[in-house]
Amino acid sequence: MSDEACGYLIRQFETAWKLASLHLDGLTTEECLWRPAHRGLHVHRSHLDGKWHADWPDYEGYDIGASSIAWLTWHVGLSRSWSRYSPLAQQPGDRYEVMKAVSFGRVVH
């Protein structure tokens, strides 16, 4: 990769990071867990094991409803984990493969 291209990517990352920090710094757990609508994607704490589980729809569409901030941040973390799934960034086949391969943002070997 050329120095010019590398510099451009670094500047883009720094800009994105600053914008994310502007909106996310100081965000409380209560704000993350707030549901903007009754229908929509969210995360839930299991009463059985106390672990957090995210809704995982069969498709993504506007008709599902508004997502909570908690679900959106989980989704970003999942996407980030996918990018580390393999050196070639090959996506796992389905949600069950992902659930087996990715745990709390870390790849499980």
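Note that the structure is predicted; figures quoted are calculated from it, not measured. (Residues numbered from 1 in each chain as written. Predicted model: local features only at pLDDT ≥ 70, side-chain atom pairs only at ≥ 80, totals over all residues. Heavy atoms only, no water.)

Visitor: Is there a simple way to explain the overall build of the protein chain in this structure?
Guide: Each helix and strand in the protein chain was counted, giving four helices and four strands. Traced from its N-terminal end to its C-terminal end, the protein chain shows the element sequence α-α-β-β-α-α-β-β. Accessible surface, the protein chain as shown: approximately 8800 Å² in total, 60% of it carbon and sulfur. (Helix = DSSP H or I, 4+ residues; strand = E, 2+ residues; numbered from the N terminus. Areas by Shrake-Rupley, 256 points an atom, 1.4 Å probe, with all protein chains shown as cover.)

Visitor: Honestly, the packing of aromatic side chains in this entry has me stumped. Any pointers?
Guide: Ring pairs (aromatic) are described by centroid distance and by the angle formed between their planes. Enumeration over the complete set of coordinates arrives at three aromatic pairs. Summarising the aromatic geometry, the rings of tryptophan 56 and tryptophan 74 are spaced 5.6 Å apart at their centres and angled 70° between planes, so their arrangement reads as edge-to-face. Here tryptophan 74 lies in helix α3 (residues 69-83) and tryptophan 56 lies in the loop between β2 (52-54) and α3, a separation of 18 residues in the sequence. (Phe/Tyr/Trp six-rings, centres within 6.5 Å; stacked < 30°, edge-to-face > 60°.)

Visitor: Where do I start with the layout of surface pockets in this structure?
Guide: Empty space among the atoms becomes apparent when a probe as large as a water molecule is rolled across them. Estimates place the volume of the second largest pocket at around 400 Å³. Taken together, the elements giving at least two residues each to the lining of the second largest pocket come down to α1 (3-24) and α3. By residue number, the principal contributor to the lining of the second largest pocket is α1, which donates six residues. Within the lining of the second largest pocket, the residues separate by chemical class into nine nonpolar, two polar and one charged. (1 Å grid on protein atoms, 1.4 Å probe; cavity = no way out; pocket = protein on both sides within 12 Å on 5 of 7 lines; lining within 4 Å. Points joined across faces, edges and corners; volume = space filled by probe spheres on them. Nonpolar A, V, L, I, M, F, W, Y, C, P; charged D, E, K, R; others polar.)

Visitor: Explain the confidence of the model for the protein chain here, please?
Guide: Residue-level pLDDT values for the protein chain average 79, and 74% of them are 70 or greater. Overall, residues 103-109 carries pLDDT values under 50, and its contacts beyond four positions in sequence, including any with other chains, amount to twelve contacts. (pLDDT = per-residue confidence, 0-100. Contact = heavy atoms within 4.5 Å.)

Visitor: Hey, could you run me through the side chain of serine 68 in this one?
Guide: Of note, serine 68 is situated in the loop between β2 and α3. On the basis of relative accessible area, serine 68 is assigned to the buried category, the value being 1%. Beyond its immediate stretch of four places on either side in the chain, serine 68 contacts Cys32, Trp34, Pro36, Leu41, His42 and Val43. (Buried < 20%, exposed > 50% of the residue type's maximum accessible area, 1.4 Å probe, protein only.)

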